[in-house]
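Understanding the architecture of this molecule
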Amino acid sequence: MKYNKKLSSIVIILLFLNVFCANSQQAEKPKEKRLAWFKDAKLGIFIHWGIYAVNGIDESWSFYNNYISYPDYMKQLNGFTAHNYNPKKWAKLIEESGAKYTIITTKHHDGVALWNTKFGKLNTVQHTPAKKDLITPFVKAIKKRNLKVGLYYSLLDWSHSDYPNFTRTKKRYTEDDKKWESFTKFNFGQLTELTSFNPDMYWFDGDWEQSAKKWKAKEIRNLLLSRNPNAIINSRLQGYGDYATPEQGVPISKPSSIFWELCMTMNNSWGYQPNDKKYKSINQIIRILVDCISMGGNLLLDIAPKPDGTIPQEQVAILKGLGRWTKKHKEAIYGTRAGIPKEHFNGYTALSKDKTILYLYVDNKPNGPLLIKGLKNKVNRIWVVGNGTKLSHKVVGKQYWSSVPGLLYIDLPEKVQDKDVTVIAVLLRGKVDLFREEVKAIESN
Ligand code: H79
């Protein structure tokens, strides 16, 4: 009897362990842990590389919108050589820019895969003079530099004979369960192949054409996370992603999502278009990066290599210009958190993770000392990030009978100013503490 009791308690423990383990296998690692590096990263480089670079036309959309016929669009396959493709050089340049991660198009909406896929026939190995899997060496070169690597994948495929949509004006079919099932198998086949690259993140696009149920979005998420429990998925998976992805438009106010990334082109094109000379300046891009940082987000800045694999000179110059600024100001970029409300400082701000350093980003030439209002903390020290120069400050107007903090003025000599954005670090006594109450008018004294 005693023996039996012991045995049954062992069985119960084993059963419990079994259930517990099974559950822990299914449970996802919490988002805060998976996305911790992403929250700290601040800058990523997007790469749109595909056959659309050959004619220098809009990626996929040019045939979808009937600007060019489908056969003419596909003729670009013959010009995609990748003859000067040097992924090690790309990786070096990406690292030099100060980016901590990069996302490459493995397949855009045109359905041309850049790796040696066994699913479908449209890929750079079989159908272009490049004759190569372009993704494997890229992932390797990026991982070697300890940067994170992400794969862009278009869920929709306007080239696939089993996909319902072809162009804006032509549909292959509206309802056909068999065809859709075949397409789903194809998508899962390619996605399973992508998991073998073991990327750190997946960047989906084109989800708007079908519902979560049709894409089998939940199953896609489960598949990717079962292969790599640390993987990150962008929002474009009909509700099954991890972080928000505003496109082109810099947010005006702080996005509600804790995790977000603005993807943006350097000129007005995602892919290589030599006629598009409307590049943003290095200064403008640095200020946009700072804008994102001040709102707690990341910037995913796009580059567009030529069909031979070289990166246009204008884009190299922007990456290097960014690199100069990010290297000098790294302590005020990586790992920071969103700054304080604009009422307290007339410009962009961010906070260190522990909230004891306030960073001020000065993107203009001040016409007198900088001003911080409503800061309750005492200030321990103020210095210029990147050169360490200590700055003097003065608190003015503090009344002993009032709880309203005085005006904190900081002198910023011209000789310590950066040519793009000057960064000032304000070391506080304790965590940032702001006066946010309404100041009542004094009725009597
Ligand atoms: O790869 C680049 C672009 O080709 C791709 N995303 C970047 C990263 C892209 N371009 N446009 N879009 C994604 C969004 C397109 C939205 C639209 Fe619509 C599709 C506008 C009209 C049809 C979805 C449906 C949004 C509005 C209606």
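Please read all numbers here as calculations on a predicted model, not as lab measurements. (Residues numbered from 1 in each chain as written. Predicted model: local features only at pLDDT ≥ 70, side-chain atom pairs only at ≥ 80, totals over all residues. Heavy atoms only, no water.)

Side note on the site of the ligand
Lining the immediate environment of the ligand, one finds Phe46, His48, Glu59, Trp61, His108, Tyr152, Asp205, Trp208, Arg236, Glu247 and Trp270. A distance of 3.4 Å separates an oxygen atom of the ligand from a polar side-chain atom of tyrosine 152. In this structure, glutamate 247 approaches the ligand through a side-chain N or O atom, which is 3.2 Å from a nitrogen atom. Residue composition of the shell around the ligand, grouped by class: five nonpolar, two polar and four charged. (Near = heavy atom within 4 Å. Polar contact = N/O pair within 3.5 Å; in protein donor to acceptor, adjacent residues only side chain to side chain. Nonpolar A, V, L, I, M, F, W, Y, C, P; charged D, E, K, R; others polar.)

Details of the sheet that holds strand β9 (residues 348-351)
Hydrogen bonds along the backbone pair up the strands of a sheet, which may run parallel or antiparallel. Across the sheet, five strands lie side by side as β8-β9-β10-β15-β12; this open sheet has antiparallel pairing. Here the strands that pair on one side only, and so sit at the sheet edges, are β8 (337-338) and β12 (379-384). With four bridges connecting them, β9 and strand β10 (residues 357-362) associate as antiparallel partners. In the sheet register, threonine 349 faces β10, and the bridge partner there is leucine 360. Here helix α13 (residues 282-294) sits on the sheet in contact with β8, β9 and β10, set at roughly 50° to β9. (Pairing = 2+ DSSP bridges. Helix = DSSP H or I, 4+ residues; strand = E, 2+ residues; numbered from the N terminus. Contact = heavy atoms within 4.5 Å. Axes fitted to C-alpha atoms, helices over the stretch in contact; angles between N-to-C directions.)

As for the packing of helix α10 (residues 177-195) against helix α12 (residues 217-227)
Contact geometry for α10 and α12: axes closest at 10 Å, N-to-C directions at 20°. Classed by the angle they form, the pair α10 and α12 counts as roughly parallel. Taken as a pair, α10 and α12 cross one another with a handedness that is right-handed. Residues Phe188, Leu191, Thr192 and Thr195 of α10 form the contact with α12, whose participating residues are Glu219, Ile220, Leu223, Leu224 and Arg227. A per-class count over the contact of α10 with α12 returns five nonpolar, two polar and two charged. (Parallel < 35°, antiparallel > 145°, perpendicular 65-115°, else oblique. Left-handed = near helix turned anticlockwise from the far one by under 90°.)

Examining the side chain of asparagine 377
The topology assignment puts asparagine 377 in the loop between β11 (370-372) and β12. Take asparagine 377: its relative accessible area is 10%, and that puts it in the buried class. There is a polar contact of 2.7 Å between the side chain of asparagine 377 and the backbone oxygen of lysine 431. Other than its neighbours up to four places away in sequence, asparagine 377 contacts Leu428, Arg429, Gly430, Lys431, Val432 and Asp433. (Buried < 20%, exposed > 50% of the residue type's maximum accessible area, 1.4 Å probe, protein only.)

Some thoughts on the side chain of lysine 107
Tracing the backbone through its elements, the reader meets lysine 107 in strand β2 (residues 101-107). When its relative accessible area of 0% is taken as the criterion, lysine 107 is described as buried. At a separation of 2.8 Å, a polar atom in the side chain of lysine 107 contacts the side chain of aspartate 157. Excluding residues that lie within four positions of it along the chain, lysine 107 makes contacts with Val112, Ala113, Trp115, Tyr152, Tyr153, Ser154, Asp157, Phe186, Asn187 and Gln190.

Some points on the confidence of the model for the protein
Looking at the protein, the pLDDT average stands at 94 and 93% of residues meet or exceed 70. Mean pLDDT per element in the protein: helix α1 (residues 2-26) is the minimum at 50, and strand β1 (residues 43-47) is the maximum at 99. Counting interchain partners and residues more than four positions distant, the pLDDT-below-50 stretch residues 14-25 has zero contacts. (pLDDT = per-residue confidence, 0-100.)

Some points on the packing of helix α7 (residues 87-97) against helix α14 (residues 313-328)
Taken N-terminus to C-terminus, the directions of α7 and α14 make an angle of 40°; their axes are 7 Å apart at the nearest point. The orientation of α7 with respect to α14, classified from their angle, is oblique. Across the interface between the two elements, Leu93, Glu96 and Ser97 of α7 pack against Val316, Leu319, Lys320, Leu322, Gly323 and Thr326 of α14. Partitioned by chemical class, the residues of the contact of α7 with α14 number four nonpolar, three polar and two charged.

A word on empty space enclosed by the protein
With the rule as written, the count across this model stands at one cavity of 30 Å³ or more. Of the voids in this model, the largest cavity is the one considered here, and its volume is about 40 Å³. Lining the largest cavity are Trp49, Gly50, Ile51, Tyr52, Thr105, Thr106, Lys107, His108, Asp110, Val112 and Leu114. With three residues, β2 is the single largest residue contributor to the lining of the largest cavity. Considering only residue class, the lining of the largest cavity consists of five nonpolar, four polar and two charged. (1 Å grid on protein atoms, 1.4 Å probe; cavity = no way out; pocket = protein on both sides within 12 Å on 5 of 7 lines; lining within 4 Å. Points joined across faces, edges and corners; volume = space filled by probe spheres on them.)

Examining the domain arrangement of the protein
Think of interface size as the accessible area that goes away when the parts come together; that is how it is often given. Segmentation of the protein into domains returns domain 1 (2-328) and domain 2 (337-428). The C-alpha centroid of domain 2 is placed 38 Å from the C-alpha centroid of domain 1. Every contact between the two is made by 15 residues of domain 1 and, on the other side, 16 residues of domain 2. Of the roughly 1400 Å² buried where domain 1 meets domain 2, counting both sides, 53% is carbon and sulfur surface. The largest contributions to the domain 1 side of the interface with domain 2 come from Arg287, Ser294 and Lys328, which together make up 34% of the buried area. Counting across the interface, domain 1 meets domain 2 through six salt bridges. One can count nine residue pairs in polar contact (both at pLDDT 80 or more) joining domain 1 with domain 2. Elements that contribute at least two residues to the side of domain 1 that touches domain 2 include exactly α3 (36-41), α13 and α14. In terms of residue count, the dominant contributor to the side of domain 1 that touches domain 2 is α13 (seven residues). (Domains from an automatic or database assignment. Buried area = accessible area lost by both parts, 1.4 Å probe. Salt bridge = Lys/Arg side-chain N within 4 Å of Asp/Glu carboxyl O.)

Regarding the state of the cysteines
Here the structure, examined in full by the defined rule, presents zero disulfides. Sulfur of cysteine 263: no disulfide; nearest cysteine sulfur belongs to cysteine 292 and is 10 Å away. For cysteine 292, a relative accessible area of 0% corresponds to the buried category. (Disulfide = S-S within 2.5 Å.)

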